[in-house]
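Each chain, letter by letter, is given below.
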Amino acid sequence: MHSQKHTIVSSPGKVLLAGGYLVLDRSYSGLVVATSSRFYSSVQPLPASSSAASISTPQGIISVRAGQFPSQSSTWIYSISIENDQLIIKQTNQDVVGKNKFIYITLFQTLALAYEKIATTTDKKGVDAGRELLNRITDDGQSAGLDLVVLADNDFYSQREQLSALSLPTKIDSLSSLQPFTPLPRPIPQTNKTGLGSSAALVTSLVASLLSHLDIVSLPSNPTEANSNESLQLVHSLAQFAHCLAQGKVGSGFDVSSAVFGTHIFKRFSPSILTPLMDGSLDSIHLSSPTLLPVLDPSKWDQKTTAFRLPKGLRLILADVDAGTDTPSFVGKVLAWRKNHPEVAQKLWDDLDKANMQLERLLTELVAREKDEDYEETVGWMGERHIEDHKENPTAVLLYEIRLTLFIIRDFQRRMSELSGVAIEPPEQTRLLDACSELEGVIGGGVPGAGGYDALFLLIIDTPSVTSRVDKLWSEWTEMSVCPLLARQSDGGLKVERLSDVKGLAEALGS
Ligand SMILES: Nc1ncnc2c1ncn2[C@@H]1O[C@H](COP(=O)(O)OP(=O)(O)OP(=O)(O)O)[C@@H](O)[C@H]1O
Ligand SMILES: C[C@@](O)(CCOP(=O)(O)O)CC(=O)O
C-alpha cells in the first residue's frame, strides 16, 4: 500500500511598515506585518508511474512545480542519489526549463540539514544516515520520491492582465472575483511581482513542508507556541540561510522572519552568524560530520521577535503601483551615503527610529484600549470623519497621534531621499499618499520596505465605506496606475494546513 501522506505548509507575505534601511543595522528595530495572502507548499509521494520518475533511474526524484505558472516551463526535476560517501542532487531538466536558484538551493540545504539531523539523532551514521534519508524521500521504495507543488495567493503577482482579460476594473471587488491561484500566462521571470516577498515565503514554506514531511521536525499546531518552538526556530535559521544564499547577499531577513513568525517587532540576526556557511559547496552533500547544524542551531541565533499586532477595527490596505519606472536596488546607494556622511546619517537614523518606535507604542496603546466600552463605537464613527478633526476621547486622540506619527515618518523618509539621492518616497508617491490621507477614515500611510515607486500602504478604519473611498480614488488616479491587493494584516506566521480548509487549493493541485 502506498502511503498517502500529504503535507501542506503555508507562509504569509510581508509589509515592512516602519524600519526600512534601519533594520539592516542590529541597533534598530522595525515593524513587520504579515499578510493574509499566503504562499503554499504541498508535498506528496511521487507515483512511480509519473513522467518525472521515468526520466532516469536514480535512487530518488524530487519534482517541484510552480502550480499557477505554465507547467512546461515551471517544473524543476531533481534526481537524488548516493555515490560513495556523497549525496548527489542533480537537476535533470535544466536544458528545458533552466534553473530556479531559490528552489535548488532550498532543496539542497534542506536535504543537507535533514541528513545531519538523522545522523545526530538516530543510530544511523554516515552513509547509513544518507540511505535513511533516501528511504524517507521514497517512502521505503514505495514511491519514486516527492511531488512538490508551490502555489502563491493571487496577491503575490500583478493581476492587471487577468483583470483586463475579464474586462474588470482594477478594484478590490474585481480581485475577489478572480479564481484562487489564477493561472498566469508567462514563466516566473516574465511575471510582475507585487513586493509581498514571494521568494522568502517560497523558501520558508518549502523548508518547513519538507522537514515536516521527512519527519525531521514536528511543527506546532498551536501558533501561540511559535516564538519558543525549537522546530520553528530551526526552520527559521535554515530558511534565512537558504534565502541569503539564493539572493547572493545577507539582507536583514525581516521577510523570512515574518514568513515564519508572522507580525512582530523585528530585530535582525548578526550577519556574521552565517559567514562560515556562505562559501560552502552546492555540488554534493558529504555524508560525514555535520557542518550546518552547529551554525543553524537556534541557540546560536540572536534575532529578536517581539509580539506586536495592529489594533482591532484598523485595516492595513496595500496597493501595487505601476509608474512605468523600475525601482532599482536602493540599498547599496543608501548605505554608501550613510557611510560617507556618518554624522548627518546618525542623527537622521536616530530621529527616524524614534518616530518608528513611537508608532509602535501608539499602536500598542490603542490595542490596550480595545476593551474600553466606547472603543468600537469611536473607531467606527471615525470611519466617516477626518481623523485630525477629532480628539473627543482617548481612542480618537490615539488615532490622531498615529496619523501624525505616520506623517513624521514620511517626512524623515523624504529627507533620506533628498540627502541620499535615492527616491524612497518619490514625488509621485507623495502626491498619491497625500490625496489618500485626505479621505475620511484614512489614518495615514507610507511606502513600505525600501520604498520607491512600486507599492504603497494605508492604515484605515476597517469599514466598507472607507475601503470603497480608497478603492475609488485609486481606480481614478491618473498619474500612476494603482492596483489594490486583497491582502489585509494577519498575525499568524507559518501554518500547517488541511487541504479542505484552503479555498481552491485542491482544484489548483488537481487533487
Ligand atoms: N511561485 C513561484 N514558484 C517558484 N519560484 C518562485 C515563485 N515565486 C517566486 N519564485 C522564485 O523567487 C524569485 C524572485 O525572488 P526575488 O528575491 O527576486 O523577489 P522578491 O523580493 O521575493 O519579490 P517580491 O517581494 O516582489 O515578491 C524568482 O526568480 C523565483 O526563483
Ligand atoms: C531596505 C530594507 O531594509 C527593506 C527592503 O524591503 P522590501 O523588500 O522593499 O519590502 C532591506 C532589508 O531589510 O533587507
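Cut-offs used in this document
Residues numbered from 1 in each chain as written. Chains lettered and ligands numbered in written order. Predicted model: local features only at pLDDT ≥ 70, side-chain atom pairs only at ≥ 80, totals over all residues. Heavy atoms only, no water. Salt bridge = Lys/Arg side-chain N within 4 Å of Asp/Glu carboxyl O. Helix = DSSP H or I, 4+ residues; strand = E, 2+ residues; numbered from the N terminus. Buried < 20%, exposed > 50% of the residue type's maximum accessible area, 1.4 Å probe, protein only. Phe/Tyr/Trp six-rings, centres within 6.5 Å; stacked < 30°, edge-to-face > 60°. Near = heavy atom within 4 Å. Polar contact = N/O pair within 3.5 Å; in protein donor to acceptor, adjacent residues only side chain to side chain. Areas by Shrake-Rupley, 256 points an atom, 1.4 Å probe, with all protein chains shown as cover. Nonpolar A, V, L, I, M, F, W, Y, C, P; charged D, E, K, R; others polar. Pairing = 2+ DSSP bridges. Axes fitted to C-alpha atoms, helices over the stretch in contact; angles between N-to-C directions. Contact = heavy atoms within 4.5 Å. Domains from an automatic or database assignment. Buried area = accessible area lost by both parts, 1.4 Å probe. Core = buried A, V, L, I, M, F, W, Y, C linked by side-chain atoms within 4.5 Å. Parallel < 35°, antiparallel > 145°, perpendicular 65-115°, else oblique. Left-handed = near helix turned anticlockwise from the far one by under 90°.

Let's shift gears to the pattern of salt bridges. In the structure shown here, the tally under the stated rule is 24 salt bridges. Put simply, Lys-312 and Glu-370 hold a salt bridge, and the shortest N to O gap is 3.8 Å. Linking Lys-312 in the loop between strand S9 (304–307) and strand S10 (314–322) with Glu-370 in the loop between helix H11 (342–369) and helix H12 (375–382), this pair joins segments that are 58 residues apart in sequence. With a relative accessible area of 54%, Lys-312 lands in the exposed category. Glu-476 is the partner of Lys-472 in a salt bridge, and the nearest nitrogen-oxygen pair spans 3.3 Å. Note that Lys-472 and Glu-476 are positioned in helix H15 (residues 464–476) at a spacing of four residues, about one turn of the helix. Judged by its relative accessible area of 45%, Lys-472 is partly exposed. Salt bridges sharing common partners tie together Arg-410, Asp-411, Arg-414, Glu-425 and Asp-434.

Further remarks concern the packing of aromatic side chains. Per the stated rule, a full pass over the model turns up eight aromatic pairs. Judged by centre distance (6.5 Å) and plane angle (70 degrees), the ring pair of Phe-254 and Phe-266 falls under edge-to-face. Here Phe-254 is found in helix H8 (residues 254–261), whereas its partner Phe-266 is found in strand S7 (residues 264–267), with 12 residues between them in sequence. Judged on exposure class, the residue Phe-254 and its partner Phe-266 are both buried. Seen in terms of ring centroids, Phe-269 and Trp-301 are 4.8 Å apart; in terms of plane orientation they differ by 50 degrees. Their pairing is tilted.

Further remarks concern the site of ligand 1. As a matter of local geometry, ligand 1 sits amid 17 residues, with Tyr-157, Gly-195, Gly-197, Ser-198 and Ser-199 nearest to it. Within the side chain of Tyr-157, one N or O atom sits 2.6 Å away from a nitrogen atom of ligand 1. The protein chains hide 79% of the 650 Å² of surface that ligand 1 would expose on its own. Elements represented by at least two residues in the shell around ligand 1 include exactly helix H2 (101–121) and helix H6 (198–213). If one sorts the elements of the shell around ligand 1 by residue count, H6 sits on top with three residues. Here the shell around ligand 1 is composed, by residue class, of 10 nonpolar, six polar and one charged.

A few words now on the sheet that holds strand S11 (residues 442–446). One open sheet accounts for four strands, arranged S11-S12-S10-S13; its pairing is antiparallel. Of all the strands in the sheet, the pair left with one neighbour each is S11 and strand S13 (481–484). For this sheet the average axis-to-axis angle between neighbouring strands, irrespective of direction, equals 30 degrees. Pairing of S10 with S13, which is carried by four bridges, proceeds in the antiparallel orientation. Bridge pairing in S13 links Ala-319 to Pro-484. In the packing of helix H13 (residues 394–420) onto the sheet, the strands contacted are S10, S11 and strand S12 (455–461), and the crossing angle to S11 comes to about 20 degrees. Lying on the sheet, helix H14 (residues 427–437) is in contact with S10, S11, S12 and S13; it crosses S12 at an angle near 10 degrees.

Below, the discussion takes up the domain arrangement of the protein. Interfaces are frequently sized by the accessible area removed from exposure as the parts join. Looking at the protein, the domain boundaries give domain 1 (7–307 + 492–509) and domain 2 (314–490). Relative placement of domain 1 and domain 2: their C-alpha centres are 30 Å apart. Summing both sides of the interface, domain 1 and domain 2 together bury roughly 3,200 Å²; the carbon and sulfur share of this comes to 64%. Our enumeration of links across domain 1 and domain 2 arrives at two salt bridges. The partner of Arg-338 in a salt bridge is Asp-25, and the shortest N-O contact between them spans 2.9 Å. Mapped by element, the contributors of at least two residues to the side of domain 1 that touches domain 2 are strand S1 (7–18), strand S2 (30–46), helix H4 (160–165) and helix H5 (172–177). If you tally residues by element for the side of domain 1 that touches domain 2, the top one is S2, at six residues. Split into classes, the residues belonging to the side of domain 1 that touches domain 2 amount to 16 nonpolar, 12 polar and five charged.

What follows concerns the site of ligand 2. Every residue close to ligand 2 is listed here: Lys-14, Leu-16, Gly-20, Tyr-21, Val-23, Leu-24, Gly-251, Ser-252, Phe-254, Val-331, Gly-449 and Ala-450. Here Ser-252 contributes a side-chain N or O atom positioned 2.6 Å from an oxygen atom of ligand 2. Here the shell around ligand 2 is composed, by residue class, of seven nonpolar, four polar and one charged. Residue contributions to the shell around ligand 2 reach at least three from each of two domains, namely domain 1 (7–307 + 492–509) and domain 2 (314–490).

If you look at soluble globular proteins, the nonpolar side chains tend to sit buried side by side. Ranked by size, the top nonpolar core spans 140 residues in total, and within it Leu-296, Trp-349 and Trp-474 carry the most contacts. Formed jointly, this core draws a minimum of three residues from each of two domains, domain 1 (7–307 + 492–509) and domain 2 (314–490). The residues touching Leu-296, leaving out its near neighbours within four places in the chain, are Leu-113, Leu-234, Ser-237, Leu-238, Phe-241, Leu-274, Leu-277 and Trp-301. Residues Tyr-40, Val-149, Leu-151 and Leu-509 belong to the second largest nonpolar core, which totals eight residues.

Turning to its location among the elements, Leu-31 is positioned in strand S2. Leu-31 gets classed as buried once you look at its relative accessible area, which sits at 0%. Here Leu-31 is in contact with Val-15, Leu-16, Leu-17, Ala-18, His-264, Ile-265, Phe-308, Asn-356, Leu-359, Glu-360 and Leu-363, once residues within four sequence places are set aside.

Bringing the packing of H11 against H13 into the picture now. Close contact between H11 and H13 brings their axes to 9 Å; oriented N to C, the two are set at 160 degrees. Relative to H13, the element H11 is oriented roughly antiparallel. Crossing of H11 against H13: the hand is left-handed.

This part takes up the packing of H6 against helix H7 (residues 230–247). For any two helices packed against each other, the geometry comes down to the angle between their axes and how far apart the axes lie. Running from N to C, H6 and H7 point in directions that differ by 130 degrees, and their axes come no closer than 9 Å. What the angle tells us is that H6 and H7 run oblique. Judged by the sense of rotation from one axis to the other, the crossing of H6 with H7 is right-handed. Between H6 and H7, the residues in contact are Ser-199, Ala-200, Val-203, Thr-204, Val-207, Ala-208 and Leu-211 and Val-235, Leu-238, Ala-239, Ala-242 and His-243, respectively.

With that out of the way, let us pick up the side chain of Thr-378. Tracing the sequence through the fold places Thr-378 in helix H12. For Thr-378, a relative accessible area of 9% corresponds to the buried category.

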